[in-house]
Each structure stands twice: as structure tokens, then as C-alpha cells.
Amino acid sequence: MTDESAGGSGEDGGVSVVYDLDADCTVEDVDAGRPYLAEINGIVDYGVFVDLSDSVSGLVHESVLEGTYRVGQELVVELENVRDNGDMAFEPVDVGEEYAVEPVSHDYTLTGTDRLEANVADQIHLEGEVVQVKQTGGPTVFHVADEHGVVPCAAFEDAGVRAYPSIEVGDLVRVTGTPEHREGTIQVEVDGLSALDGEAEADARERLETALEARAEPHDVEPLIDWPAFETLRPDLREVARLLRRTVLEGRPIRVRHHADGDGMCAAVPVQLALERFIADVHEDPDAPRHLVKRLPAKAPFYEMEDATRDLNFALEDRAKHGQQLPLLLMLDNGSTAEDVPAYETLAHYDIPIVAVDHHHPDPEAVDGLLDAHVNPYLHGEDYRITTGMLCVELARMIDPDLGEDLRHVPAVAGLADRSKADAMDDYLDLAAEQGYDEDRLRDVSEALDYAAFWLRYNSGDRLIRDLLELGDADEERHRALVSFFARRAREEVDEQLDAAMSHLEHEPLDNGAHLYRIDVENYAHRFTYPAPGKTTGEIHDRKIEETGDPVITVGYGPDFAVLRSDGVRLDIPTMVSELEAEIPGGGVSGGGHLVVGSIKFVKGKREAVIDALVEKMADADIDEALSSATPLDD
């Protein structure tokens, strides 16, 4: 408000000023002796009723009126008195035919989402961004995010009818309502809701952005072990942690896609747990963790179009049905290669942000333009021995440091699952031993995870995997019994598979001195059962390394694919795939993986040409004894 008095002149002594209350102004914004713009809303024998705002109205008595009036007519009035019962009486003010109108905004005392419990049953005012609009069979529920968290705000127009239809996700709004307990949580029952605009919107957005940036900042956590090679990746992990925390604060869902193997699960489950805990801290809705983070395994070590189109369709359906924003996609233990590009380009049509944390040999020129963040040891001169599980345990601790004690054994499981021979493995094994995990128990967990992943196929198996990893509220006795059973079953079924396959193994000494072993896993191994072709090839490979003590390459092949394992031979499988693609026209060659572990696809009719060319390249590869102790396992 200005300081001019009622009916008075402006600073230039000219036109009078009349004040116009915003719709959300209350009686507290009305000052005696000031002229206000009112609208007549009813006429009775004893006067006219006028509205000054949505909640400020009163009577102008017929004794102070002259002439005739109509509903909808504007009238300049000032406050005469407020009766004991709260009724307001106004009287007309003569300000002349010309006057300046000055708007009056309500001066709100805002209540943050962190103080709703203390204000249950009291009317409060809340400002924030609408992050979800969900239409139920009853009210419309607006999820509103302020500096402190996200709260559902229920507005009722009519059963199943959209309230405030002009309000959309992304709008900055002011909510007037009453916090109430609903099904074990706090919900604001909306009395009024309006979109902010102009200076009010700009001020609110600046305030929220400042608070959001501060709260999105990752926690500073001491690394679990001292590992200089790892430290070069820590800034990249902090950036991912910051992005994920901000995504939670913005109310956006997160879809976690991970390779369906031991390392992939050791990467994804800790991050999932950390995100769920942070979501529970931010959101008043107790179901928010379940709705806002989904973990989804992927059989291939890249993002297949089948997975991408399925994810996109679910995201679009969730937006239509539940008013959710489109999700952020978090790729773990995959997502770094050119094979991911078609799927990424599909999501780019909908501006879905994508983050990849991986340790496969990357194609940064192909993927970095499509990623919002990319963490990979190869980008810092390191390699696959830093597994994705090791990376993501630290990432999870940056999101929620209270998880630290629960995760101390997980990097060792990840390393054993992926056969990491990093210098730091001894330190991780010692760390796990402090938690009661000796190496045999860790190997059992790794085998159990691999076995469970095979039978779960495309199901995340949340409860089962947490029990196997002894995370969350897992029962230790059940964990030990389940791990022992699954690990034993896995080894028995591997033995059965190899009993059938080993007699069909073909051996060929290569010119470079390496042993090449080949097996037709389509015809000489059990199909559609554990272990899968990649695991079968790896188990055969392990036995031949132990048997020969020499450099070994093992190839398991089917009608249109080949799985490669190598120890002691300096292979570069991604480069070999690129060369084969150019050298064999019509071969349909694709694939990749790590440098010495990977898979290749081709058309069925070109299998012989592809395998023969592949063997020639293997025979030309250099022998490298250093690699014989550093082969990862990746199906």
C-alpha cells in the first residue's frame, strides 16, 4: 500500500487513489479511512452487499446511499465499523469521476511443509511448485514442493471433477488450507489455490531455487577405503548425487535400469535404498518412495530398444493417469556405448534426462551428447577393475550417509561378482570381514545373486535381492539360509551344464601361443535353464585357465551370437566388433562389452564368416600376462 490517505491526492496533489484488494486479501488488509474498490453482489431493502475480495464483504446501509444501484456495479467504499460478530459495515466515498487504482496484495505469513504437524487444524498459507496433479474419484490432489519438502494438497470441486483446471505441473502456487491427518500422513485440505505471477512468482521461484540448490548438495562422506585411483571419479559421482537429490526434491520419478548380474545389483540396490530414504524424508506421502523410484533389470549390458520403448510407454501412462512428471533415467552397469544410442535418442523426443554410471568400455563421442551426466573409470584413465557396484556404494552414501554401515560388504561382493583384480580388492575384503563376511560367504552371495537374477528375468525382485544382500530390514538368519541354498543350487546346476558341454569343447592352439576353446552352446548345452550361455562360457573358461595355466580365449556361440572370454591375451573387443562390421558386408555385426569380455551379434547366415574372422583377429593379438589376473565376469 501507498501512504496516501483515503480520498486523498497523489504526491502531485492530483488524482485520488483508490485501493483494490487482491482476491486473496483478508480483513487484516483493510485499513479504516482508506477508499477501496468494491463490487455490489446483492441488493436488499436495507442496503447493498459489496465484495472487496473473496473473503472481505459487508453491507452498505440504505441510510448512507443515494440513487439506484445494480448487482455488478462498482462502488468506492471505506470501512465504517466491524461488529462484534465480525460483520463489516461500509459507507460510500466520493473520490470524483477520475481516480487512480492501486492494487493491494495480501501479506502472507507462510508455513513451510516442515511445520505442518505443528499447525494441524489451523488455516495456513503455503507457497511452492506443483510437481504432480492427480485426479482421484473424489478430490484433485496437487503435490506441492516448497523449500522443505512435498505435501499433497486436496481440493474438492465435485466427485471426480478436476479442481482448479488452469493449474498445471510446474506452476508456482499459493495454497490456503488446513493441514489434517489422512491415513497416517499430513494432507492440506485446500480452501483456496492460485497461481503466482509477476513479481510474486519471480520472488518465490528465486527463494525456492536457492533452497533447492542448497538441499540438493551431496553429503561429504569419507571414502570406505583409501584408493587413489577411485578418487579421480569422486567429483563425477558427486555431480550425479547432486542431480539425483535435486530430482527427488523436484518430485520427478526415477527409473533405475541396471545390468542383471551381481555387479549390476550391487550398484542398483544401494542407490535405490538411498533414494527411497531421501524421498521419504522429502515427501509427506508415505507411498512416495514406492511410486517415485523403480528398479528394473536389463539382460543386455546396454539399453535395448525393447526396454526403452517399454519404459517410455509406462512413463507416458503414469503422466496421463497419475499426473506425474516424466522420469529421470539412471543407467547403472550399462549405458556407455554406441549400442545405447538408439534408445537414448528415442527418449530424447520427450526430453527425459539420462544419467549413466558404468564401467564397460565407453563410446563417449556417441553417448555424451545424450547424457546429462556420465561416470566411467575409462574416462579417467582407469578401467573395468573399478566396478559399478564399488562406484554406486559411494554414490548411495553421498545421497544418504546413514546407509554407510549397512553397505560395507557390498563393494567386495561387486568385485568378486565381476572378478575384479583391482589393487583395492584386499581392502574391500578386509572391510567386509569386519562385518562378518569372509571371502567364502561373499562368493556365496555373489553366486546367489547371479542365480536369482537368472530366474527373476525382467522382475526386480526387490524383497528377495535385499534379503540376499542383507540390506534394508533383511533378517540375518533368513539371509544366510537363502544365500547358502541359492549358491549350492547354482553350483550344482553349473556342474550339470558342464558335464553335458565339456565333451563337445573344441580346442585350437593359436599362432600367438594362446589356447582357443570353442563351444556351440545352442546345440551342446541345456537351453532355457541356468546357467545362461554367457555364464556357461565363463565357467568353461575358468576351468581351462586353471587346467592350462596359459593364456586362454573361450568362445561360446549360437546361431546368431558369440560370447567371448579372454585371459592373458590383449584383446580389444569393441574395436574388433567395429572392424568386423566393416569387413563382413551383410553380416549385421554388433556388440561390445569390456576389452577382453564381451558379446557379438550377427545374422545367422554369416556365422561361419564372422567366427573365422574373429579367430584370425584373436590369433594376431598380443599376449599379455598381466591380463590373466584381471578378467571381469560379465554376462
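Conventions and cut-offs
Residues numbered from 1 in each chain as written. Predicted model: local features only at pLDDT ≥ 70, side-chain atom pairs only at ≥ 80, totals over all residues. Heavy atoms only, no water. Axes fitted to C-alpha atoms, helices over the stretch in contact; angles between N-to-C directions. Helix = DSSP H or I, 4+ residues; strand = E, 2+ residues; numbered from the N terminus. Parallel < 35°, antiparallel > 145°, perpendicular 65-115°, else oblique. Left-handed = near helix turned anticlockwise from the far one by under 90°. Contact = heavy atoms within 4.5 Å. Nonpolar A, V, L, I, M, F, W, Y, C, P; charged D, E, K, R; others polar. Buried < 20%, exposed > 50% of the residue type's maximum accessible area, 1.4 Å probe, protein only. Salt bridge = Lys/Arg side-chain N within 4 Å of Asp/Glu carboxyl O. Pairing = 2+ DSSP bridges. Disulfide = S-S within 2.5 Å. Patch = residues over 30% accessible without salt bridge, like charges linked within 9 Å, V, L, I, M, F, W, Y side chains within 5 Å. Areas by Shrake-Rupley, 256 points an atom, 1.4 Å probe, with all protein chains shown as cover. Lys, Arg positive; Asp, Glu negative; His and termini not counted. Charge placed at Lys NZ, Arg CZ, Asp CG, Glu CD.

With respect to the packing of helix α6 (residues 305-322) against helix α7 (residues 341-348)
- Remark: α6 packs on α7, axes separated minimally by 8 Å, with the N-to-C direction vectors making an angle of 15°. As far as their axial angle goes, α7 and α6 are roughly parallel. Relative to α7, α6 is oriented so that their crossing is right-handed. Contact residues: Met305, Ala308 and Leu312 in α6; Pro342, Ala343, Thr346 and Leu347 in α7.
- Residues that form the contact of α6 with α7 fall into these classes: 6 nonpolar, 1 polar and no charged.

Looking at the environment of Leu329
- Looking at the secondary structure, you find Leu329 in strand β15 (residues 328-332).
- With relative accessibility at 3%, the residue Leu329 sits in the buried group.
- Distance in space between the C-alpha atoms of Leu329 and Leu233 is 20 Å, their sequence separation being 96 residues.
- Contacts of Leu329, omitting those with residues within four sequence positions, involve Arg255, Arg257, Tyr303, Asp311, Leu347, Ile352, Pro353, Ile354 and Val355.

Side note on the pattern of salt bridges
- Applying the stated rule across the entire model yields 49 salt bridges.
- Two residues, Asp311 and Arg255, come together in a salt bridge whose shortest N-O distance is 3.4 Å. With Asp311 in helix α6 and Arg255 in strand β13 (residues 254-259), this pair connects stretches of sequence that are 56 residues apart. As far as the burial class goes, Asp311 and Arg255 line up, both buried.
- As a salt-bridge pair, Glu476 and Arg480 come within 3.2 Å of each other at their nearest N and O atoms. Residue Glu476 and its partner Arg480 are both found in helix α14 (residues 476-501); the two are separated by 4 residues, about one turn of the helix.

Notes on the sheet that holds strand β8 (residues 124-135)
- The sheet built from 5 strands closes into a barrel, its strands ordered β8-β9-β10-β12-β11 with mixed pairing. Between one strand axis and the next, the sheet turns through 55° on average, direction left out of account.
- One ladder, built from 2 bridges, connects strand β10 (residues 150-155) with strand β12 (residues 185-195); its direction is parallel. Of the residues in β12, the one forming a bridge with Cys153 is Val188.

Quick notes on the sheet that holds strand β17 (residues 373-375)
- Taken in spatial order, the 5 strands of this open sheet run β14-β13-β15-β16-β17, and their pairing is parallel. Taken across any chain shown, the strands that pair with only one partner, and hence form the sheet edges, are β14 (293-298) and β17. Each neighbouring strand pair of the sheet contributes to a mean axis angle of 15°, computed without reference to strand direction.
- Sheet topology note: the strand β16 (residues 354-357)/β17 ladder contains 3 bridges and is parallel. Considered in β17, the bridge of Val355 is made with Ala373.

Structural notes on the state of the cysteines
- A full pass over the atoms with the stated rule returns 0 disulfides.
- The cysteine Cys266 is free of any disulfide, with Cys392 supplying the nearest cysteine sulfur at 10 Å.
- Residue Cys266 is classed as buried on the basis of its relative accessible area of 0%.
- Given a relative accessible area of 0%, Cys392 falls into the buried group.

Let's talk about a negative patch on the surface
- Residues Asp226, Asp423, Asp426, Asp427 and Asp430 make up a contiguous surface patch of negative charge.
- With respect to the element layout, Asp426 can be found in helix α11 (residues 425-434).
- With relative accessibility at 53%, the residue Asp426 sits in the exposed group.

Side note on helix α13 (residues 462-469)
- Listed in full, the buried residues belonging to α13 are Ile465, Arg466, Asp467, Leu468 and Leu469.
- Residue Glu470 follows α13 closely and has a positive phi angle near 55°.

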